[in-house]
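# Observations on the three-dimensional arrangement
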Amino acid sequence: MAVLVALGAFLMTLVGGWTAQRVTDRRHLVLGLAGGLMLGVVGLDLLPEALRAAGTEVYGVPAALLLFVAGFLLAHLVERLLAARRAAHGAGEHSHRAPEVGLTAAAAMVGHSAMDGVAIGASFQVGSGMATAVALAVIAHDFADGFNTFTLTSLYGNARRKAVAMLVADAVAPVAGAAAAAFVAIPEGLLGGYLGLFGGVLLYLAAAEILPEAHHDHPARSTLLCTVAGAAFIWLVVGIAG
């Protein structure tokens, strides 16, 4: 049953990626929506779950928040190192983005989707009520995952076939995670730490890359409204699941 529910997440992920492909003529709106979805996922979904799962503190600060900051700084460091390497080889620092950053971010999305599948599998072991809540949350926000996976991969200059490949991997991940949940138990503290780190990476990409790019050539009110709508959508999903 858990795998069947994960197939719903599989389909929603593909729908999200397909939507991102079809609206390329409104790129600024796509990026604005992606930034809002990522902001909502981080602030309203990942961080609360990370704080709950990794409740230990290090020098008075929750471990999940320390890893969140570490993830933000790690993403910034990686981008700066790649930009410096390109500049050293004669390309302007801002001439184009490093494709490796997009692939790395998309790979992190795939890992997150696999964890979603594990959550589906684990929830069915707890009870039908928990399984229904988790399934609704995962299936609903996997639309955002698919949308963001394709957008992130494409934004950094990767070929369309790579973006599609990462989208398919992201769609398959929850199915694989749900199937593996019957055999593998992930320690809650480790899962919380991962979510905190991943949240920091996503926030950096949203705030430092996607949203500035969305407003670069089109500082329109419609772009801002798409960002607000993306965050509000995740809020709605979290509220329904709760």
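Summary of the structure given here. Treat the numbers as computed from the prediction; the structure is a model and nothing was measured.

Counting secondary structure elements, the protein contains eight helices and two strands. Ordered by position from the N terminus, the helices and strands of the protein form the series α-α-β-β-α-α-α-α-α-α. Counting over 242 residues, the protein shows a buried share of 43%. In the protein, 83% of the contacts between residues at least 6 apart in sequence involve partners at least 24 apart. On the protein, roughly 11,600 Å² of surface is accessible, and the fraction owed to carbon and sulfur atoms is 71%.

Looking at the element boundaries, T227 is found in helix 8 (residues 221-241). The class for T227 is buried, based on a relative accessible area of 10%. Discounting residues that sit within four places of it in the chain, T227 has contacts with G32, L33, G35, G36 and L211.

Attention shifts here to the packing of aromatic side chains. Evaluation of the coordinates by the stated rule reveals one aromatic pair. With centroids separated by 5.1 Å and ring planes inclined at 85 degrees, the aromatic side chains of F72 and Y204 adopt a geometry described as edge-to-face. Remark: Y204 occurs in helix 7 (residues 188-216) and F72 occurs in helix 3 (residues 63-88); sequence separation between them is 132 residues. Accessibility expressed as a relative area gives 30% for F72, which makes it partly exposed.

About the cut-offs
- Residues numbered from 1 in each chain as written.
- Predicted model: local features only at pLDDT ≥ 70, side-chain atom pairs only at ≥ 80, totals over all residues.
- Heavy atoms only, no water.
- Helix = DSSP H or I, 4+ residues; strand = E, 2+ residues; numbered from the N terminus.
- Buried < 20%, exposed > 50% of the residue type's maximum accessible area, 1.4 Å probe, protein only.
- Contact = heavy atoms within 4.5 Å.
- Areas by Shrake-Rupley, 256 points an atom, 1.4 Å probe, with all protein chains shown as cover.
- Phe/Tyr/Trp six-rings, centres within 6.5 Å; stacked < 30°, edge-to-face > 60°.

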